[in-house]
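Coordinates in review
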Amino acid sequence: MEKMSRVTTALGSNAISGRTMFCHLDAPANAISVCRDATQVVVAGRNIFKIYALEEEQFVEKLNLRVGRKPSLNFSCADVMWHQMEENLLATAATNGAVVTWNLGKPSRNKQDQLFTEHKRTVNKVCFHPTEVYMLLSGSQDGFMKCFDLRKKESVSTFSGNLVCNNSFMCQSESVRDVQFSMKDYFTFAASFENGNVQLWDIRRPDRYERMFTAHTGPVFCCDWHPDDRGWLATGGRDKMVKVWDMTTNRAKEIYCVQTIASVARVKWRPERKFHLATCSMMVDHNIYVWDIRRPFIPFATFEEHKDVTTGIVWRHQHDPHFLLSGSKDSTLYQHMFKDATRPVDKANPEGLCFGLLGDLAFAAKESLITSDANRKPYPGGDRRYPMFFFKKPDPTEQFAHVSSALSVFETDLDSHRMDWFVKTAQLYLLSGKPFAELCDHNAKVAQELKRPQVSTTWTMLRIMFSDPANLATPGPNHNLGKLGTLPLMNSFSLKDLGSGMGAESRLERSKGESRQDNIHLEPGNSYISNNEENEETEGSEGHPEYMFGDAELDDDDLYSMEHDNQTEEQEYTLPQEAFQLRHEIVDNPSAPEHLQQDKADSPHVSGNEAEVTCLTPIESFSLISISQPLFSPHLPASFFCPIVREMLSYYAEQGDVQMAVSVLIVLGDRIRKEIDDLTQEHWYMSYIDLLQRFELWNVSNEVIKLSTCSAITCLNQTSTTLHINCSNCKRPMSNKGWICDRCHQCASVCAVCHHVVKGLFVWCQGCSHGGHLEHMMNWLKSSAHCPAGCGHLCEYT
Amino acid sequence: MEVQDQESVGRWDRLGTRDPSSRADAIENICQEVMRKVETIGPIPPVAPLSPASGSPPGNDLNDILAHVLMLSRRCPFEDVRERCSQLLRNIQDLGIRIPRPLGNGPSKFIPEKEILQISKVDSRTQSIFEDAFAALGRLDNISLVMGFHPQYLESFLRTQHYLLQMDGPLPLHYRHYIGIMAAARHQCSYLVNLHVNDFLQVGGDPKWLNGLFEAPQKLQQLGELNKILAHRPWLLTKQHIEGLLKAEEHSWSLAELIHAVVLLTHYHSLASFTFGCGITPEIHCDGGHTFRPPSLSQYCVCDIANGNGHTSEVNPDYAFLKDMCGEVEVLMERMKQLQECRDDEEASQEEMATRFEREKTESMLVVTSEDEESGPPRDISRHFEDPSYGYKDFSRRGEQVPTFRAQDYSWEDHGFSLVNRLYPNVGQMLDEKFHMVYNLTYNTMATHKDVDTSMLRRAIWNYIHCMFGIRYDDYDYGEINQLLDRSFKIYIKTIVCSPEKTTKRMYESFWRQFQHSEKVHVNLLLMEARMQAELLYALRAITRYMT
């Protein structure tokens with residue numbers, strides 16, 4: 001005791017110190033509580049009830065309160081609270097319905113002081129009055145709250161949370177999940193219930209609550225009064241929300257709401273920080289979050305140490321915001337230092353970017369960056385840029401809340417066909433349903449027609465590499481997955497270099513005429529510009545290795561010696577032509593991945609420059625021939641190529657042509673799938689599907705989902721699997737069997753022209769709601785202005 | 001043939017509408033259709049009756065239709081349909097065609113038909129629930145009829161079942177029905193199996209799968225193990241089982257699918273308990289629900305005679321016992337009152353409380369359930385699962401040390417709900433409502449007594465079932481169970497929950513003799529939901545452990 005008092009005085013000058021530390025408990029903890037002077041913490045659970053001293057470097061076990069040979073259920077604690085006035089006094093709520101008080105000043109080993117067994121069910125919560133020494137409140141599963149005077153043997157008053165039974169059939173007893181005395185109002189306490197209600201009681205009036213409101217859907221697991229602000233009550237519920245209520249007004253008003261990712265088990269206001277509170281969850285999520293309630297979308301700080309759900313959190317000292325203690329099901333007790341917390345906001349991308357359907361681009365970034373950049377670099381030619389600024393009220397004292405972003409929307413020319421190639425490719429590619437070689441050929445042709453020779457060549461090469469059926473069975477021997485994982489796949493998404501980013505936007509508009517594979521990602525970090533000088537450089541360096549993979553690993557002589565072994569293969573080669581064409585095209589549509597730092601003021605029109613670059617470097621043309629010419633060598637199993645193909649796929653993905661990566665992945669199927677780690681594949685699939693859906697290519701995206709082998713992707717098709725239709729006659733929902741409405745017994749969607757059931761595209765007039773087969777309606781309305789159903793409505797087909 | 005099937009399905013469906021005129025249209029259509037069919041095979045009947053087994057396909061087709069019409073004439077919630085169907089059957093009979101007649105009387109073997117709600121005489125709320133059920137499924141099954149004693153619950157039950165089987169969810173429709181079949185087959189519940197075989201085929205399931213689990217996709221076969229453990233010894237479920245299902249290359253389950261499957265499995269296991277517990281008879285239009293043979297004494301269903309449900313013997317054996325047992329309810333009420341009062345005076349020591357649970361758990365094992373008829377299940381049902389010998393084994397008797405499951409550490413309200421709702425939205429909410437509903441359902445009556453607080457009794461039943469599964473509530477004094485539940489009742493509970501296929505009418509009758517049938521159905525609802533929750537808790541706990 002001497003030591004404790006010494007520390008108490010030391011704390012007067014706010015001198016708690018320590019570090020992030022933890023200790024192992026013998027059993028999972030259910031609740032923790034800290035004594036007033038912040039030197040000791042009590043941990044309670046089903047099989048544990050101990051007091052630990054908080055020392056500079058470690059937790060030291062001071063006392064084991066769980067004594068006796070065969071501890072009774074009274075020691076099995078659901079909750080524990082240390083009295084904030086009387087440092088020897090503790091109360092626990094036992095799972096068997098007992099409320100027990102403990103006096104640490106007792107000389108005997110068993111410190112149990114009083115035992116109240118008035119509750120019939122598990123007691124979920126005990127709470128001492130903040131200023132009154134002898135007053136203890138408990139809330140139980142049986143729907144009652146009891147107030148005990150510790151000087152007496154039994155409760156002084158009982159509060160029933162049950163609603164008045166106005167329905168004789170249903171008289172539910174609602175469990176009390178939490179009770180909390182108000183910090184400021186002497187007589188008030190709040191109770192939260194399993195049915196989502198929160199009640200306010202006056203301790204002097206046990207007959208009826210003062211006020212009741214529904215705070216959450218589903219149980220309200222916890223509530224906490226704001227330590228400083230009289231009227232604020234925070235509640236957390238199973239519906240994954242934390243809500244802050246202003247109780248000063250007549251009706252409880254929700255003033256803040258934080259949406260978390262799992263049900264909220266505990267909520268505790270952070271001392272000395274008016275807008276901060278800490279939460280932890282009961283299921284799935286193990287982290288502790290500290291939120292700034294004014295910024296509910298991202299936690300202010302996160303503590304990620306626990307490996308199982310956190311069951312108890314408490315701030316170490318009433319006036320020190322830097323120490324948080326927590327107990328967990330994983331049988332550890334932690335002291336978290338606030339300075340060691342993870343700050344999710346640091347990792348969050350502060351810039352947001354989004355494409356509109358028509359190629360518009362919205363871009364949000366820190367306001368300071370935007371303005372300075374805009375000033376530095378005004379856009380010529382009257383660009384359509386509409387900056388909109390959203391400011392939050394700046395509060396210099398809070399580093400976290402001070403956020404302001406600017407949102408800019410860039411419109412693009414509606415006539416631009418920049419993404420045409422993407423849409424066309426997506427629609428024309430064949431991903432399944434034919435032999436492998438045919439798929440490749442088909443896709444190569446598609447790419448060729450869209451003037452994307454690199455892609456086209458890749459398809460052709462893939463066919464050559466993998467089309468020997470003898471080699472298909474052998475899996476790739478080289479699993480270089482580790483290497484792949486480290487590739488910065490999505491670096492094209494990072495928006496680090498904002499300056500060049502803004503520059504790219506202007507270029508983006510000017511390069512609209514081109515059909516380029518790289519345009520798919522128009523984010524500013526990657527500024528592609530078709531610039532001829534650049535192209536020539538990169539053909540030799542960057543683009544080259546992709547084609548030249550054979551040179552490094554294959555002996556050219558070997559390849560040539562194989563040349564005419566296989567008669568059947570030979571006829572497929574129309575190589576000279578292809579190669580020739582390629583030479584032109586390659587210049588036209590460079591695959592240069594180089595990031596341009598300089599913005600060329602007059603971006604040349606590509607086709608105009610074709611002539612300048614007709615002659616390629618000799619290496620380039622040679623490489624094309626040398627790769628496609630030699631026939632497949634039986635000495636080289638398909639798996640031999642896997643590492644190269646894998647690199648190629650990553651290359652395409654990095655370039656932003658995730659379409660190519662995914663298409664190849666699907667077409668190659670098992671040949672390559674094992675070579676690429678699942679996460680990367682999933683990432684590609686997700687990106688491609690997202691893109692397809694933005695272009696409303698629903699069919700293609702569905703096909704991709706169906707063909708994908710990632711479980712996470714195929715899952716996408718398992719949600720929202722139901723389509724509800726209403727009968728066109730009686731406007732009632734149809735049952736899901738057949739085409740006949742079960743209410744009015746008419747065929748639901750009959751074509752007004754041919755009077756048959758429409759089992760495909762159904763088009764109807766929004767004026768008279770008659771319709772039918774798309775073709776029939778088109779033809780009908782070509783010749784007639786009236787509705788084919790004869791209703792007299794003047795329909796119009798546009 | 002395929003097309004025809006589709007058509008006929010559509011035809012029956014149209015009867016579900018609430019609009020009388022379109023319903024009349026539909027029934028008229030059916031009548032014409034049936035009469036046309038009858039006329040086409042008109043000349044055959046004189047020959048056919050002698051060889052019922054070798055009926056030609058059109059005849060069989062017609063028989064199916066006639067069976068369906070018969071079902072409608074008895075079970076359709078719409079009076080006009082019932083009348084029209086009966087009339088149709090009479091007309092056909094007049095033409096000299098054999099018409100089917102229902103086997104057995106009423107939806108339940110245990111409850112005399114006259115006690116069960118008459119479809120024609122229900123209040124408007126129940127009527128509307130029945131109509132909804134009929135519209136959704138094209139039939140009003142016997143389970144719903146029996147549950148009709150408790151319309152509030154029935155509504156919640158049907159909504160959940162409808163959502164599980166027909167609404168948005170990760171599993172394809174035929175998978176859902178197949179899982180239902182698997183689960184029901186585990187308990188040899190031919191009623192549910194037949195019902196869902198029909199549904200399974202109707203949603204386009206592959207008939208080959210019905211030959212046995214080995215014909216079903218690998219993915220479903222893997223579920224067999226989970227099905228087995230959940231049905232009989234859910235406490236043995238570990239996260240390794242879950243991992244095995246989730247990580248099985250191309251046959252693996254996704255978490256959402258698994259949750260859906262688990263909910264379906266537990267739903268049908270417990271529904272099988274209810275089916276046996278209430279002695280639900282086969283649907284009229286399913287196999288075993290009707291016969292084309294003319295009534296003759298030798299053809300009576302044996303059980304009918306034994307159970308006093310036949311036409312001739314209307315003597316209810318209950319009457320004989322009534323005199324002896326008239327004190328039973330009063331004794332029970334007295335005990336409840338005593339418990340209520342004594343609670344504060346006499347506080348059992350904590351150790352005593354702990355041992356009481358163990359004793360109750362152990363004792364529940366010793367309650368002898370079977371009438372030692374250890375015959376294997378009939379072949380046609382056992383093919384839907386493997387390892388037919390695997391059953392509920394009393395864990396303490398076999399010396400296995402299974403740690404007690406503490407309800408406070410993993411409860412439905414706090415943990416289970418969140419997990420289910422996260423992975424299978426809306427279902428958590430529905431199950432939550434259903435559990436709440438059944439737990440709190442009371443009419444404040446006991447037999448003939450009014451204004452009784454039955455919460456104590458209900459809680460004892462609920463906790464007794466959880467106790468059999470090793471789930472312990474710290475805040476419950478298991479001594480109460482011994483006071484409130486007598487031995488015959490315990491035998492009944494134990495049989496229903498652990499091996500429902502062994503339920504007999506004698507068991508049903510020997511507990512709570514003075515109570516009304518509606519109250520016994522109420523008990524069955526409690527048993528069913530408590531069992532479902534217990535199984536779910538074990539399954540969800542395993543999944544949670546896998547996830548952390």
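Note that the structure is a prediction, hence the values are computed from the model and not measured.

**As for the overall build of chain A**
- A count of helices and strands for chain A gives 22 helices and 34 strands.
- Counting across all 798 residues of chain A, residues that qualify as buried make up 53%.
- With the model as given, the accessible surface of chain A reaches about 36400 Å², and the carbon-plus-sulfur share is 53%.

**Considering the overall build of chain B**
- Broken down by element type, chain B carries 24 helices and 6 strands.
- Taken over 548 residues, chain B has a buried fraction of 59%.
- If you take every contact in chain B between residues at least 6 apart in sequence, the share linking residues at least 24 apart comes to 78%.
- Just so you have it, chain B exposes about 22200 Å², and 51% of that area is on carbon and sulfur atoms.

**Some details on the packing of aromatic side chains**
All names here are of chain A.
- Considering all chains together, one arrives at 38 aromatic pairs over all chains under this definition.
- Taking 4.8 Å as the distance between ring centres and 80° as the angle between the ring planes, the aromatic pair formed by Y186 and F187 counts as edge-to-face.
- You can call Y186 partly exposed: its relative accessible area is 33%.
- Put simply, the rings of F159, F181, F189, W201 and Y209 pair up and form one aromatic cluster.
- Lying over the aromatic face of F144, K146 brings its terminal NZ or CZ to 5.9 Å of the ring centre.
- One residue, R343, lies across the ring of F300, its end atom 4.8 Å from the ring centre.

**A closer look at the sheet that holds strand β10 (residues 123-128) of chain A**
Residue and element names in this part refer to chain A.
- What the 4 strands build is an open sheet, ordered β10-β11-β12-β13; its pairing is antiparallel. Whereas interior strands pair on both sides, the edge strands pair on one side only; in this sheet they are β10 and β13 (155-160). For this sheet, the mean angle separating the axes of adjacent strands, direction not counted, is 20°.
- In terms of strand pairing, strand β11 (residues 135-140) meets strand β12 (residues 144-149) through 5 bridges, oriented antiparallel. Considered in β12, the bridge of L137 is made with C147.

**Things to note about the sheet that holds strand β9 (residues 112-116) of chain A**
Residue and element names in this part refer to chain A.
- Taking strand neighbours across the sheet as the criterion, the 4 strands line up as β6-β7-β8-β9 in an open arrangement whose pairing is antiparallel. Each of the sheet's edge strands pairs with one partner strand only, and the pair in question is β6 (77-82) and β9. Going across the sheet, the axis of each strand differs from the next one's by a mean of 20°, ignoring polarity.
- Bridge count for β6 against strand β7 (residues 89-94) is 5 bridges, and the pairing is antiparallel. Its bridge partner lying in β7, V80 is registered against T92.

**Observations concerning the pattern of salt bridges**
- The full count for this structure, using the stated rule, is 30 salt bridges over all chains.
- A salt bridge links E57 of chain A to R19 of chain A; the nearest nitrogen and oxygen atoms lie 2.9 Å apart. With E57 of chain A in the loop between β4 (49-54) and β5 (59-64) and R19 of chain A in the loop between α1 (2-11) and β1 (21-24), this pair connects stretches of sequence that are 38 residues apart.
- For the salt bridge of R84 of chain B with E28 of chain B, the shortest nitrogen-to-oxygen distance reads 3.0 Å. Here R84 of chain B, found in helix α4 (residues 79-94), pairs with E28 of chain B, found in helix α2 (residues 20-40); they are 56 residues apart in sequence, far enough to count as distant.
- Salt bridges sharing common partners tie together R46 of chain A together with R406, D409 and D474 of chain B.

**Brief notes about the nonpolar core**
- Within the largest apolar cluster, 131 residues are counted, with the highest numbers of intra-cluster contacts made by M147, F274, I461 and I493 of chain B.
- A per-element tally of this core places helix α24 (residues 517-547) of chain B first, with 16 residues.
- For I461 of chain B, the residues in contact, after removing those within four places along its chain, are L485, F489, I493, W512, V523, L526 and L527 of chain B.
- Formed by 51 residues, the second largest nonpolar core is a distinct cluster that contains L439, A653, I672 and L697 of chain A.

**Observations regarding the side chain of R177 of chain A**
- One can find R177 of chain A in strand β14 (residues 176-181).
- Apart from residues lying up to four places away in sequence, R177 of chain A is in contact with N124, K125, S192, F193, E194, V220 and F221 of chain A together with D414 of chain B.

**Re α24 of chain B**
- An ideal rise of 1.5 Å per residue puts 45 Å on 31 residues; α24 of chain B measures up with 44 Å between its terminal C-alpha atoms.
- Most of α24 of chain B sits inside the fold, with 28 of its 31 residues counted as buried.

**Focus on the state of the cysteines**
Residues and elements named next belong to chain A.
- Per the stated rule, a full pass over the model turns up 0 disulfides over all chains.
- As a non-bridged cysteine, C222 has C223 as the owner of its nearest cysteine sulfur, 7.3 Å distant.
- Look at C222 and you get buried, because its relative accessible area is 3%.

**Describing the pairing of β5 of chain A**
All names here are of chain A.
- Looking at chain direction, β4 and β5 are connected through 5 bridges and run antiparallel. Bridge pairing in β5 places L54 opposite F59.
- Two successive antiparallel strands, β4 and β5, enclose a turn made up of 4 residues.

**Points about the confidence of the model for chain B**
Residue and element names in this part refer to chain B.
- Looking at chain B as a whole, its pLDDT mean stands at 73, while 73% of the residues score no less than 70.
- Across residues 1-7, where pLDDT falls below 50, the model places 2 contacts with residues more than four positions away in sequence or in other chains.
- Segment residues 43-58: pLDDT under 50, and 5 contacts once partners within four positions in sequence are set aside and those in other chains are kept.
- Predicted as a complex, the structure gets a pTM of 0.63 and an ipTM equal to 0.70.

**Description of the packing of helix α7 (residues 151-166) of chain B against helix α12 (residues 255-277) of chain B**
Residue and element names in this part refer to chain B.
- Where α7 meets α12, the closest approach of the two axes is 11 Å, and the angle between their N-to-C directions is 135°. On the basis of the axis angle, α7 is oblique to α12. Here α7 runs over α12; the crossing is left-handed. On α12, the residues touching F157, Q161, L164 and L165 of α7 are H260, V263, L264, H267, Y268 and L271.

Cut-offs used in this document
Residues numbered from 1 in each chain as written. Chains lettered and ligands numbered in written order. Predicted model: local features only at pLDDT ≥ 70, side-chain atom pairs only at ≥ 80, totals over all residues. Heavy atoms only, no water. Helix = DSSP H or I, 4+ residues; strand = E, 2+ residues; numbered from the N terminus. Buried < 20%, exposed > 50% of the residue type's maximum accessible area, 1.4 Å probe, protein only. Areas by Shrake-Rupley, 256 points an atom, 1.4 Å probe, with all protein chains shown as cover. Contact = heavy atoms within 4.5 Å. Phe/Tyr/Trp six-rings, centres within 6.5 Å; stacked < 30°, edge-to-face > 60°. Lys NZ or Arg CZ within 6 Å of the ring centre and 35° of its normal. Pairing = 2+ DSSP bridges. Axes fitted to C-alpha atoms, helices over the stretch in contact; angles between N-to-C directions. Salt bridge = Lys/Arg side-chain N within 4 Å of Asp/Glu carboxyl O. Core = buried A, V, L, I, M, F, W, Y, C linked by side-chain atoms within 4.5 Å. Expected span 1.5 Å × (residues − 1). Disulfide = S-S within 2.5 Å. pLDDT = per-residue confidence, 0-100. Parallel < 35°, antiparallel > 145°, perpendicular 65-115°, else oblique. Left-handed = near helix turned anticlockwise from the far one by under 90°.

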